[in-house]
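Analysis of the macromolecular model
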Amino acid sequence: MYDVVIIGAGVVGSLAARLLSKFSLSVCVLEKENDVAMGATKANSAIVHAGFDAKEGTLKAKLNVKGSQMMPKICAELGVDYKNNGSLVIGFSDEDKRTITELFERGQKNGVKGLEILDKAALSEKEPNISKNAVCALYAPTGAIVSPYELAIAAMGNAMDNGAELKLDFEVKSIEKEGEAFVISSDTEAVSAKYVINAAGIFADKIAKMIGDNSFEIHPRRGEYILLDSECGSLVSHTIFTTPTKMGKGILVSPTVHNNLLLGPTSEDVEDKTDKATTEQGLENVLNSTGKSVENIPRNKAITSFCGLRAVGDTGDFIINSPLVGFINLAGIESPGLSASPAIAEYALELLENQGLKITEKADFNPIRKSAHYFKNASIEEKNEIIKKDKSFGRIICRCETVTEGEILEAIRTNPKPHDLDGIKRRTRAQMGRCQGGFCSPYITEILARELDIPIEQVTKCGGKSIINIGKTKEEIQND
Amino acid sequence: MTELVIIGGGPAGMSAAVAAYDSGIRDILILERDTALGGILQQCIHNGFGLHKFGEELTGPEYAARYEKMVFERKIPYKLGTMVLDITEDKVITATNTEDGIFQIKAKAIILAMGCRERPRGALNIAGTRPAGIYTAGTAQKFVNMKGYMPGKNVVILGSGDIGLIMARRMTLEGAKVHAVCELMPYSGGLARNIEQCLNDFNIPLKLSHTVTKIHGKERLDGVTIAKVDENRKPIPETAEYIPCDTLLLSVGLIPENELSKTAKVELSGVTSGAIVDQNRQTNISGIFACGNVLHVHDLVDFVSDEAEIAGKSAAEYIKGKAENKINIPIKTDGKIRYSVPQVITEEKDITVYFRVSDVFYNVKVNVKNEKGEAVFTKRRPKVAPGEMESITLKKKQIIGSKELFMELEAVK
């Protein structure tokens, strides 16, 4: 029996696992998909919000501000890219000016440092490419950007290296209480635990219902994004927001930590929790809307578009509670969920302790994880030292992002291990460049087949039926 | 210091190397990222290469082998498995491979021959899901011809450029069913012989003025929605049609790969996405030359070889200390002529100017006028099309005295 089982390996579940792995506890994370970070964690705006949006006194407000303060240290420990680039909420009218003043005051109440209201001239100096129609802005110097899926992957890997277990392809179908223990079952396996953390994202309501908690519903709200070539990465340096509405923070323009330019998200309530298709209209809205905030966005420099589903709780705030002793909900984690995630993990631990969880720190807990990009960031001399010891670092596989075979092999062999092309993509950035895997995916397919000791026909894009090749060509079959 | 470094060992790089060698240069190094010379020709196993150059119908690998032989006979040095990471304005090249690690070479002259890459789905913003089963045609070609694997069985192809047409036939020959080739424009971008030999011969429907509007399928492709487009190339919703398939091949544009040219501060043309060059294929940086698909996307490798010979010879002259040209005659085009290579003339001599047109035109004259509006050259063409590169040869006496040249298409009455 585990001390704690966490359901969901998104950024919240992964950071919770890491936090718990600091202590002498047996921890197991159950993840429905075949990899970490498969839900909203890999399809969001990648922003660590300053914290002026959420209503004062809400969990969103408190945990956002705290999480954003915790983020730099955690990212440094885990080797995750993080950049304190600052945020700007721009306004075009007197009404916007009033909203911006409200946000300023709310931010003060929430404890956000360094907020400033800028006039047109000051805004234009900070961002020369900002729309000529913008007349004012809220400047939040503590706003930042991060790589959200890398954060989850690194946190989970670090948790596993410190003793936590991860079970992928484990879709929780039922949870029974048997005496002290929760018995959590998939179709094929069951685990038991004294404590359960429900971090199941868009399906958190489904999980809660399994123990009889019908107090909340999670409904999906779709957000579509367009990502532009790294050539466009310095069109703006801050994350550019427009004034928020009740559907969310609006469509923004932001550099990413990898120097791409991210446009989006839209905000649309949908029915299907599994439908992550982008739409013609949605993508068009992204382009039109962002064109109003920033001048000269090069529409023809898109390299990909994608879609995520926000897990919107029906209470208006994060749903963090304990409906049953030993069971913690971390539900309704929509924006500012990523920003709040380190603080949510800590809050979860607090709740567990209140329920009797005894924690003793492990002497050998190692919070440090080598960055996935240590090679890229090394000097030529350092790189050549590495290449002398391991030639595979001398062979470039992904030309667009200059990722070496050595880095890909390391990613395949490091917790949490990937099993498919997308898993390698999220860990190494190979296939994320302007050719989107056109050049490197045949090589990565071969490398994966070799390392996982599977035939090439079994290599997938993202597990399940997403096979890359359906079989050999006739000639190859003849040669066999 | 190496006298001549050639980036890319495909047909352009090899041809340039041989031409430079035959012009007397010995200190040459070809840097090639693949495990063999030959470039993209290695995977172009269909024939049709070499009709002009050798008077024969060779396959891609056979054409490449002819040049490899020339490189080997001359013992021209080359490094395989070597990726160039950076080129500076003063011709310092940084590259990496497993044997040498990361190393730097200073070159006296550089020939850029990096070829091009394919435009991916993401650049078109095609809506829908992001399942497996979507490949650019060249990537699929690599799987089929180089690795021996079939990407799928039920195929729709977007784009009727040559690669799309070739892959329509290739997939069919390997037992796949190609349901349709959709082409956004009202005409195909590929060579006429490929329409015949790849589509018509196999009864594969070509749907002109059509595009893919949505992709379906969670893990692997289930099908695509296609629709007819109007005169502004916008999809007409009422014409939407669903085609079940497990594979979508994209042949939607080749983009010269000039990332390295940018690091060297080579000036690029907004039209070709390749360098702006003179008749010697020299870029704005003295001693840096460009040829082949990295300069502008070619239809026939025979012209690539011709172009690369010019670059190779010119690089040799540069290395031997030939004086810099003093004249600068820009060639402007009227838009119907989309671009010319070269874009500028720096020597008064006979010059072949290659160009592409922006649409299909029948019964036209290609006119070249100088800045005074005087006609210096004219040639009739019964038909010109975007998918077929054209050329004209200007004689020295036609160029002398001009300050600027204008190329235009005129309808013949």
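Below: a short report on this structure.

The rules behind the values
Residues numbered from 1 in each chain as written. Chains lettered and ligands numbered in written order. Predicted model: local features only at pLDDT ≥ 70, side-chain atom pairs only at ≥ 80, totals over all residues. Heavy atoms only, no water. Helix = DSSP H or I, 4+ residues; strand = E, 2+ residues; numbered from the N terminus. Rg over C-alpha atoms; globule rule 2.2 N^0.38 Å. Buried < 20%, exposed > 50% of the residue type's maximum accessible area, 1.4 Å probe, protein only. Contact = heavy atoms within 4.5 Å. 1 Å grid on protein atoms, 1.4 Å probe; cavity = no way out; pocket = protein on both sides within 12 Å on 5 of 7 lines; lining within 4 Å. Points joined across faces, edges and corners; volume = space filled by probe spheres on them. Patch = residues over 30% accessible without salt bridge, like charges linked within 9 Å, V, L, I, M, F, W, Y side chains within 5 Å. Areas by Shrake-Rupley, 256 points an atom, 1.4 Å probe, with all protein chains shown as cover. Salt bridge = Lys/Arg side-chain N within 4 Å of Asp/Glu carboxyl O. Buried area = accessible area lost by both parts, 1.4 Å probe. Polar contact = N/O pair within 3.5 Å; in protein donor to acceptor, adjacent residues only side chain to side chain. Nonpolar A, V, L, I, M, F, W, Y, C, P; charged D, E, K, R; others polar. Pairing = 2+ DSSP bridges. Axes fitted to C-alpha atoms, helices over the stretch in contact; angles between N-to-C directions. Parallel < 35°, antiparallel > 145°, perpendicular 65-115°, else oblique. Left-handed = near helix turned anticlockwise from the far one by under 90°. Arc of directions from axis to C-beta. Phe/Tyr/Trp six-rings, centres within 6.5 Å; stacked < 30°, edge-to-face > 60°. Lys NZ or Arg CZ within 6 Å of the ring centre and 35° of its normal.

Moving on, we get to the overall build of chain A. Within chain A one finds 14 helices and 23 strands. Here the C-alpha atoms of chain A give a radius of gyration of 23 Å, agreeing with the 23 Å that 2.2 N^0.38 yields for 480 residues. Oriented by its inertia axes, the alpha-carbon framework of chain A measures out at about 70 × 60 × 45 Å. For chain A, the residues scored as buried account for 61% of the 480 residues in total. For chain A, contacts bridging at least 24 residues in sequence account for 72% of all contacts bridging at least 6.

What follows deals with the overall build of chain B. The secondary structure content of chain B amounts to eight helices and 29 strands. In summary, chain B has a C-alpha radius of gyration of 22 Å against a globular reference of 22 Å for 413 residues, a match within 12%. In terms of overall dimensions, chain B has a C-alpha envelope of 65 × 60 × 40 Å along the principal axes. Within chain B, buried positions represent 59% of all 413 residues.

So, on to empty space enclosed by the protein. Sizing a probe to match a water molecule and rolling it over the atoms shows the empty space that remains. Residue and element names in this part refer to chain B. As enumerated under the stated definition, the model contains two cavities of 30 Å³ or more in all. Of the pockets and cavities examined, the largest cavity occupies roughly 100 Å³. Taken together, N280, Q282, F289, S314, E317, Y318, K322, A323, E324 and N325 make up the full set of residues lining the largest cavity. Looking at the lining of the largest cavity, the element that brings in the most residues is helix α7 (residues 301–319), giving three residues.

Moving on to unusual backbone geometry. Residue P265(A) is reached from G264(A) by a cis peptide bond, and omega for that bond is 0°. Looking at the element boundaries, P265(A) is found in the loop between β16 (261–264) and β17 (268–269). Across the junction of V341(B) and P342(B), the peptide omega takes the value 5°, indicating a cis bond. With respect to the helices and strands, P342(B) occurs in the loop between β23 (337–341) and β24 (344–345). In this model, N363(B) sits at a positive phi of 50°, which is unusual for a non-glycine residue.

Residues and elements named next belong to chain B. A contiguous nonpolar patch, built from F72, Y78 and L80 and spanning about 250 Å² of accessible area, is present on the exposed surface. You can see L80 is positioned in the loop between β5 (78–79) and β6 (83–87). By relative accessible area, L80 is classed as partly exposed at 31%.

The interface is formed by 55 residues belonging to chain A together with 50 residues belonging to chain B. The contact between chain A and chain B buries some 4200 Å² in all, and 56% of this surface belongs to carbon and sulfur atoms. Between the two partners, chain A and chain B, sit five salt bridges. In this structure, the salt-bridge partner of K262(B) is E231(A), at a minimum N-O distance of 3.0 Å. Across the chain A-chain B interface, the total number found is 23 residue pairs in polar contact (both at pLDDT 80 or more). Those elements that provide at least two residues to the side of chain A that touches chain B are α7 (280–293), β18 (302–313), α10 (380–389), α13 (441–452), β23 (471–472) and α14 (474–479) of chain A. Considering each element in turn, the side of chain A that touches chain B owes the most residues, six residues, to β18(A). For the side of chain A that touches chain B, a count of residues per class yields 19 nonpolar, 18 polar and 18 charged. Bridge count for β23(A) against strand β12 (residues 149–150) of chain B is two bridges, and the pairing is antiparallel. Within the sheet, the bridge partner assigned to G471(A) lies in β12(B) and is M150(B).

Once that is clear, we can look at the packing of helix α11 (residues 405–413) of chain A against α13(A). For any two helices packed against each other, one specifies the inter-axial angle together with the distance between the axes. Residues and elements named next belong to chain A. Where α11 meets α13, the axes come as close as 11 Å, and the angle between the chain directions of the two elements is 40°. On the basis of the axis angle, α11 is oblique to α13. Crossing of α11 over α13 shows right-handed handedness. Facing E405, I408, L409, I412 and R413 of α11, the residues of α13 in contact are I444, I447, L448, R450, E451 and L452. When the residues that make up the contact of α11 with α13 are grouped by side-chain class, the tally is seven nonpolar, no polar and four charged.

Before going further, it helps to spend a moment on the packing of helix α4 (residues 162–173) of chain B against helix α5 (residues 192–199) of chain B. All names here are of chain B. At a minimum axis distance of 8 Å, the contact between α4 and α5 shows a crossing angle of 20°. Between α4 and α5, the crossing angle belongs to the class labelled roughly parallel. Handedness of the α4/α5 crossing: left-handed. Contact residues: α4 offers D162, L165, I166, A168 and R169, while α5 offers N194, I195, Q197, C198 and L199. Per-class residue counts for the contact of α4 with α5 are six nonpolar, two polar and two charged.

Turning to the sheet that holds strand β26 (residues 361–370) of chain B, a few remarks are in order. The sheet built from five strands is open, its strands ordered β24-β22-β29-β26-β27 (chain B) with mixed pairing. Unpaired on one side and paired on the other, β24 and β27 (375–384) of chain B mark the two borders of the sheet.

Another aspect to go through is the sheet that holds strand β8 (residues 144–146) of chain A. Residue and element names in this part refer to chain A. Read from one edge of the open sheet, three strands run β3-β8-β4, paired in antiparallel fashion. The open sheet terminates on both sides in strands that have one partner only, identified here as β3 (47–48) and β4 (82–83). Pairing between β3 and β8: two bridges, direction antiparallel. Following the sheet pairing, I47 is matched in β8 by I145.

This brings us to the pattern of salt bridges. The full count for this structure, using the stated rule, is 54 salt bridges over all chains. Linked through salt bridges whose partners overlap, the residues forming this network are R395(A), E405(A), R413(A), R450(A) and E451(A).

Right, let's get into α10(A). Residue and element names in this part refer to chain A. Within α10, the full set of buried residues consists of K383, N384, I386 and I387. The arc enclosing the buried residues of α10, seen along the axis, measures out at 160°, which places them on a common side. When the buried face of α10 is taken as reference, the exposed residues oriented beyond 90 degrees from it are E381, K388 and K389.

Another aspect to go through is the packing of aromatic side chains. Residue and element names in this part refer to chain B. This structure, assessed with the given rule, holds 11 aromatic pairs over all chains. Following the ring pairs from residue to residue traces out a cluster consisting of F54, Y63 and Y67. Its end group placed over the ring of Y21, R26 keeps NZ or CZ at 3.7 Å from the ring centre.

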